[in-house]
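Listed here are the chains, written in short residue letters.
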Amino acid sequence: MYEKVPHAGGVLRNYVAGEFVASNRLFANINPVDGSEINRVAEADAATVDAAVKAARRALHGDWGQMAPAVRCQLLHRVADGIEARFEEFVAAEMADTGKSFHQARSIDIPRGAANFRIFADMIKSQSSECFQTPTDDGRGALNYAVNKPLGVVAVIAPWNLPLLLLTWKLAPALAAGNTVIAKPSEETPATATLLAEVMHAAGVPAGVFNLVHGFGPNSAGEFLTTHPGVDAVTFTGESKTGSAIMRAAADGVKALSFELGGKNAGIIFDDCDFDEAVNGTARSVFTNGGQVCLCTERLYVQRPIFDKFVAALKAKAQAINIGWPLDENTDMGPLISHKHRDKVVSYFASAKAEGATVVTGGGVPVFGDARDNGAFVEPTIFTGLPEHARIVKEEVFGPVCHITPFDTEAQAVAMANDSHYGLAATVWTTNLPRAHRVAQQLEVGIAWVNTWYLRDLRTPFGGVKLSGVGREGGVHSLNFYSEPTNICIKL
Ligand code: NAD
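As the structure is a prediction and not an experimental result, all values here were calculated from the model.

Chemist: Before we go on, may I ask you to explain the overall build of the protein in this structure?
Modeler: Per the secondary structure count, the protein includes 16 helices and 23 strands. Compactness check: the protein gives a C-alpha radius of gyration of 23 Å against a globular reference of 23 Å for 492 residues, within 12% of the reference. Judged by the C-alpha coordinates and their principal axes, the protein covers about 70 × 65 × 40 Å. Of the roughly 19,300 Å² that the protein leaves accessible, carbon and sulfur atoms contribute 54%. The average position of the 43 basic charges and that of the 52 acidic charges among the side chains of the protein differ by 3 Å.

Chemist: Please explain the sheet that holds strand 1 (residues 11-12) as it appears in this structure.
Modeler: Consider a sheet: its strands pair through backbone hydrogen bonds, and that pairing is either parallel or antiparallel. Reading across the sheet, the three strands line up as 1-5-4 and stay open at both edges, with mixed pairing between neighbours. Since the sheet does not close on itself, it has two edges, and those belong to strand 1 and strand 4 (26-30), each with one partner. Where strand 1 lies against strand 5 (residues 37-42), two bridges are found, and the strand directions are parallel. Across the sheet, the residue bridging to Val 11 is Arg 40, located in strand 5.

Chemist: Could you clarify how one ought to interpret the pattern of salt bridges in this entry?
Modeler: It is possible for side chains bearing opposite charge to pair when their charged atoms get close. A complete count under the given rule lists 25 salt bridges for this structure. Here Arg 118 makes a salt bridge to Asp 81, at a shortest N to O gap of 2.8 Å. In this pair, Arg 118 is assigned in helix 5 (residues 102-125) and Asp 81 in helix 3 (residues 69-85), connecting sequence segments 37 residues apart. Connected via shared salt-bridge partners are Asp 272, Glu 410, Arg 435 and Arg 438.

Chemist: Is there a simple way to think about empty space enclosed by the protein in this case?
Modeler: The method is simple in principle: a probe with the dimensions of a water molecule rolls over the atoms, and the space it marks as empty is what remains. For the structure shown, the criterion picks out four cavities of 30 Å³ or more. As for the largest cavity, its lining consists of 15 residues, of which Thr 98, Lys 100, Asn 289, Gln 292 and Pro 335 are closest to the centre. Counting contributing residues, the lining of the largest cavity receives three or more from each of domain 1 (2-261 + 468-491) and domain 2 (265-458).

Chemist: In this structure, what is going on with the layout of surface pockets? I would like to understand it.
Modeler: There is about 1,300 Å³ of room inside the largest pocket. Sorting the residues of the lining of the largest pocket by element identifies strand 4, helix 8 (221-226), strand 11 (233-237), helix 9 (240-251) and helix 12 (339-354) as the ones contributing at least two each. For the lining of the largest pocket, the element with the highest residue contribution is helix 9, accounting for six residues. Grouping the constituent residues of the lining of the largest pocket by class yields 21 nonpolar, 14 polar and ten charged. Summarising the domain contributions, the lining of the largest pocket has at least three residues from each of domain 1 (2-261 + 468-491) and domain 2 (265-458).

Chemist: Explain the site of the ligand here, please?
Modeler: Looking at the ligand, there are 30 residues lining it, with Ala 158, Glu 187, Thr 242, Leu 261 and Glu 396 nearest. Residue Glu 239 places a main-chain N or O atom 2.9 Å away from an oxygen atom belonging to the ligand. About the coverage of the ligand: the protein hides 91% of its 850 Å² of free accessible area. Here the ligand occupies the largest pocket. Elements with a contribution of two residues or more to the shell around the ligand: helix 8, strand 11 and helix 9. The residue makeup of the shell around the ligand, split by class, is 15 nonpolar, nine polar and six charged. Taken domain by domain, the shell around the ligand gets at least three of its residues from each of domain 1 (2-261 + 468-491) and domain 2 (265-458).

Chemist: I'm lost on the packing of helix 10 (residues 275-287) against helix 11 (residues 307-319) in this one. Help?
Modeler: Packed helices, taken two at a time, are described by the angle between their axes plus the distance between the axes. Interhelical geometry of helix 10 versus helix 11 gives an angle of 50° and a closest axis separation of 10 Å. For the element pair helix 10 / helix 11, the angle class is oblique. The handedness of the crossing between helix 10 and helix 11 comes out as right-handed. Only Lys 309, Phe 310, Ala 313, Leu 314, Lys 317 and Ala 318 of helix 11 make contact with helix 10, whose side of the interface consists of Phe 275, Ala 278, Val 279, Asn 280, Thr 282, Ala 283 and Phe 287. Across the contact of helix 10 with helix 11, the residue classes break down as nine nonpolar, two polar and two charged.

Cut-offs and rules
Residues numbered from 1 in each chain as written. Predicted model: local features only at pLDDT ≥ 70, side-chain atom pairs only at ≥ 80, totals over all residues. Heavy atoms only, no water. Helix = DSSP H or I, 4+ residues; strand = E, 2+ residues; numbered from the N terminus. Rg over C-alpha atoms; globule rule 2.2 N^0.38 Å. Areas by Shrake-Rupley, 256 points an atom, 1.4 Å probe, with all protein chains shown as cover. Lys, Arg positive; Asp, Glu negative; His and termini not counted. Charge placed at Lys NZ, Arg CZ, Asp CG, Glu CD. Pairing = 2+ DSSP bridges. Salt bridge = Lys/Arg side-chain N within 4 Å of Asp/Glu carboxyl O. 1 Å grid on protein atoms, 1.4 Å probe; cavity = no way out; pocket = protein on both sides within 12 Å on 5 of 7 lines; lining within 4 Å. Points joined across faces, edges and corners; volume = space filled by probe spheres on them. Domains from an automatic or database assignment. Nonpolar A, V, L, I, M, F, W, Y, C, P; charged D, E, K, R; others polar. Near = heavy atom within 4 Å. Polar contact = N/O pair within 3.5 Å; in protein donor to acceptor, adjacent residues only side chain to side chain. Sits in = over half its atoms within 2 Å of the grid points. Axes fitted to C-alpha atoms, helices over the stretch in contact; angles between N-to-C directions. Parallel < 35°, antiparallel > 145°, perpendicular 65-115°, else oblique. Left-handed = near helix turned anticlockwise from the far one by under 90°. Contact = heavy atoms within 4.5 Å.

Listed below in structure tokens is the structure:
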């Protein structure tokens, strides 16, 4: 089934100073659909990471540092062209690593991976800087203006849920702003990052500008990067507790940090909503990518008059989800990323049941009677009946599951939605316009959607509050993070 996957049965290597580099330590890259080994991955040791950081520093001071933004921009468009030219290989690699559906990999992950390069390449050409005319006592005045310089050598650490999309969401603006990078994809999803290194190489990106190191977090490539004194900034997407570990590791070097972390996103459904739109949108927001999107909704608050009807309608949606082989065009949902992650999700199912939840649907592991039984599947799951302090209502599960609680008043819904250590995203479903604005503005989140979910404009600020992150990405917000403005004051 996976013979079309690039490097199937081979070894995925690191990419350092313009060369593909092997390693004595290999780890297996496992397909979560059937538990088979796709290929092996060369884990970068401390010396490889050190070589990557030094190559990045050399490149920063070399041709790349001198390159005009317009030329950088052309090069990044060539990278996007290269991804598109190898589109089917990228799709096959992403599907094999994650088990995500054909439809999703083709329509979201890989196209967005290429688009990220185009968007930020174009944006850098119109980046502006500040200029102030400053009065002085002698009446001649002064001119203050800022020039943007790159931050320097940037470590980009990415998660497994949207591997190419989230890696390039950081890489593209970092490179567009003139930085050099060392990328570390998740150990669960090393393949599309390796293809990207091949594309960068073929596009003529100078040696050392983009480096790729494979490996794990603690005592591996992740930690070697975040503690390396030659790294100026770390941009990270992943779990909140990993974010704190990275913050500690980066403290000695006072590195610049940008964090996109976990969430426990709420959906509030008022009885004046467009019912069908709310059900369809909520089904997407709970179950897309098996619930493994940081923006997915895991807590639903439904106004009491429509509570029973809504629960029944969402149950019907969950039961209609086709779980299965990623290559089957009818498949809506694949497996979770790994058996380890499935164990975690299933343990949350067990704790919800132990705390007395009503299982509306799912709550278990599907049985197929074929090779998928060796995979990491779980059933789309809905619980009701738990108090707000229950674990499954408080902690991020990162699976195809939600808990639904009834509410009576708007104030109650807002209070319950905000009663979380996280603050990434929320959705509100209502046809009452003043209420839509009122509620959305009270929610303690980085992104509030009204009558939609995951409708993204890449220029908007993207990020979270509380445990969900530090800083904002997207459009000019990304470019600002990856740029270091120097103020120049000229006395006239
Ligand atoms: P994770 O934190 O386990 O791993 C993310 C990356 O960090 C991996 O590359 C991993 O190898 C590396 N890492 C782990 N420990 C490290 C350490 N001590 N030092 C340096 N690197 C280390 O996260 P995950 O399981 O891959 O991804 C799922 C999580 O990501 C969820 O919590 C999800 O909400 C979050 N996420 C957030 C966003 C967002 O935009 N806010 C987007 C996607 C995913």
